[in-house]
Amino acid sequence: MKPDGDALGSCIGLYHYLGLYDKDNVCIILPHRTQAYLNFLIDKGTQKKLLIHEDQPAKTEKTLSESDLIICVDFNAFHRTDHLCSHLEESGATKILIDHHLFPDSEKFDIVFSETEISSASELLYQILMNMPQVSGDATKLPLPAAISLMTGMTTDTNNFANSVYPSTLTMASTLLAAGVD
């Protein structure tokens, strides 16, 4: 509910990464609008693929029901998605969780990436993407909008490096800066 910078950053980062592989049938679904200060992450192409349930409930619910894969980021259980909860539970799609919160509802997902000793879902997603064969540890192979989104998610969840900072967090920041993130 009420997606923050980490939720939006990890969603948009994954969206841009998948765009490398001509996955044009990918969309981003959020239960509610995000804060206006995050609008810089949403370019015109992303805006076309963004569904906000509170604005378009029927279209969002139809999209979920027709999906064959749902990747959930930055929440540990469906009840944290407000009115999307029952639609996620009823979906027959394969469900993947990428999250850093305590006590993930693992049995509701087919694949779970859960790490609590990490700054953010954005950092966990960054680590997953860095291990993909197409990236092979080279952050310059990530699309720049993906890198910017992941950095935004991590910096907002750490309150600009004031809390939940680990050595891996600083490595991520350094690597993304070297890859061109401003």
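Structure shown above.
Residues numbered from 1 in each chain as written. Predicted model: local features only at pLDDT ≥ 70, side-chain atom pairs only at ≥ 80, totals over all residues. Heavy atoms only, no water.

Comments concerning the pattern of salt bridges
Stated formally: Any carboxyl oxygen of Asp or Glu that lies within 4 Å of a side-chain nitrogen of Lys or Arg is treated as forming a salt bridge with it. Secondary structure elements are taken from DSSP: a helix is a run of H or I of four residues or more, a strand is a run of E of two residues or more, and numbering for both begins at the N terminus.
With the rule as written, the count across this model stands at four salt bridges. When the shortest N-O distance is used, the salt bridge between Arg33 and Asp55 registers 2.7 Å. Taken together, the positions of Arg33 in the loop between strand 1 (28-30) and helix 2 (44-48) and Asp55 in the loop between strand 2 (50-52) and helix 3 (57-66) put the pair 22 residues apart, joining distant regions of the chain. In this structure, Lys62 and Glu66 form a salt bridge, with 2.6 Å as the shortest nitrogen-oxygen distance. Placement of both Lys62 and Glu66 in helix 3 is noted, with a separation of four residues, approximately one turn of the helix.

Remarks on the nonpolar core
The condition is simple: The term nonpolar core refers to a set of buried residues drawn from Ala, Val, Leu, Ile, Met, Phe, Trp, Tyr and Cys, joined through side-chain atoms within 4.5 Å. The rule is simple: take the accessible area with a 1.4 Å probe, protein chains only, and divide by the maximum for that residue type; under 20% is buried, over 50% is exposed, in between is partly exposed. Contact criterion: two residues are considered in contact whenever any of their non-hydrogen atoms come within 4.5 Å of each other.
Membership of the largest hydrophobic core comes to 35 residues, with the highest contact counts inside it found for Leu142 and Leu176. Contributing elements (two or more residues each) for this core: helix 1 (5-19), strand 1, strand 2, strand 4 (94-99), helix 5 (121-130), helix 6 (144-157) and helix 7 (167-178). When sequence neighbours within four positions are dropped, the list of residues in contact with Leu176 reads Tyr126, Ala139, Leu142, Ala147, Leu150, Met151 and Val181. Formed by 11 residues, the second largest nonpolar core is a distinct cluster that contains Ile70, Cys72, Phe75 and Leu88.

Quick look at the sheet that holds strand 4
To keep it simple, the criterion reads: Strand pairing is assigned whenever DSSP identifies at least 2 bridges connecting the two strands. Axes here refer to lines fitted to C-alpha atoms; in helices the fit is confined to the stretch in contact. Angles between the N-to-C directions go from 0 to 180 degrees.
Here we have three strands laid out as an open sheet, ordered 3-4-5, and parallel in their pairing. With partners counted over all chains shown, the strands left at the sheet margins are strand 3 (69-73) and strand 5 (111-114), one partner each. Adjacent strand axes in the sheet meet at a mean angle of 10° when their direction is disregarded. Sheet topology note: the strand 4/strand 5 ladder contains four bridges and is parallel. Residue pairing across strands places Leu97 opposite Val112, the latter belonging to strand 5.

A look at the side chain of His100
Counted only if it meets this: By the criterion applied in these results, polar contacts are pairs of N or O atoms within 3.5 Å in which, for protein atoms, one can donate a hydrogen and the other can accept it, and in which residues neighboring in sequence qualify only through two side-chain atoms.
As for its placement among the helices and strands, His100 is situated in the loop between strand 4 and strand 5. By relative accessible area, which is 11% here, His100 ends up buried. Within the structure, His100 has its side chain in polar contact with the side chain of Asp74 (distance 3.2 Å). For His100, the side chain forms a polar contact with the side chain of Asp157, separated by 3.1 Å. Residues within four places of His100 in sequence aside, it is in contact with Asp6, Asp74, Glu115, Thr116, Ile118, Ser119, Ser120, Ala121 and Asp157.

A word on the packing of helix 1 against helix 6
Note the cut-off: Geometric relationships in this document are graded by angle, where less than 35 degrees denotes roughly parallel, more than 145 denotes roughly antiparallel, 65 to 115 denotes roughly perpendicular, and other angles denote oblique. Left-handed describes a crossing whose near helix is turned anticlockwise from the far helix by less than a right angle; the clockwise case is right-handed. Amino acids are sorted into nonpolar (Ala, Val, Leu, Ile, Met, Phe, Trp, Tyr, Cys and Pro), charged (Asp, Glu, Lys and Arg) and polar (every other residue, Gly among them).
Contact geometry of helix 1 with helix 6 gives a least axis separation of 7 Å together with a crossing angle of 165°. Regarding the angle of helix 1 to helix 6, the classification is roughly antiparallel. The two elements helix 1 and helix 6 cross, and the hand of that crossing is left-handed. Along the contact surface, helix 1 presents Gly5, Asp6, Gly9, Ser10, Ile12, Gly13, His16 and Tyr17, while helix 6 presents Pro145, Ala146, Ser149, Leu150, Gly153, Thr156 and Asp157. Of the residues that constitute the contact of helix 1 with helix 6, the class distribution is five nonpolar, eight polar and two charged.

Considerations on the packing of aromatic side chains
Any aromatic ring pair is given by two values, namely how distant the centres are and how the planes are angled relative to each other. We count it as follows: Any Phe, Tyr or Trp ring, taking Trp's six-membered ring, that has another such ring centre within 6.5 Å forms a pair; planes under 30 degrees apart are called stacked, those over 60 apart edge-to-face, and the others tilted.
In this structure the tally under the stated criterion is two aromatic pairs. Ring centres of Phe78 and Phe109 lie 5.0 Å apart, and the angle between their planes is 50°; this geometry places the pair in the tilted category. One end of the pair, Phe78, is in the loop between strand 3 and helix 4 (85-90); the other, Phe109, is in the loop between strand 4 and strand 5, and 31 residues separate them in sequence. With relative accessibility at 3%, the residue Phe78 sits in the buried group.

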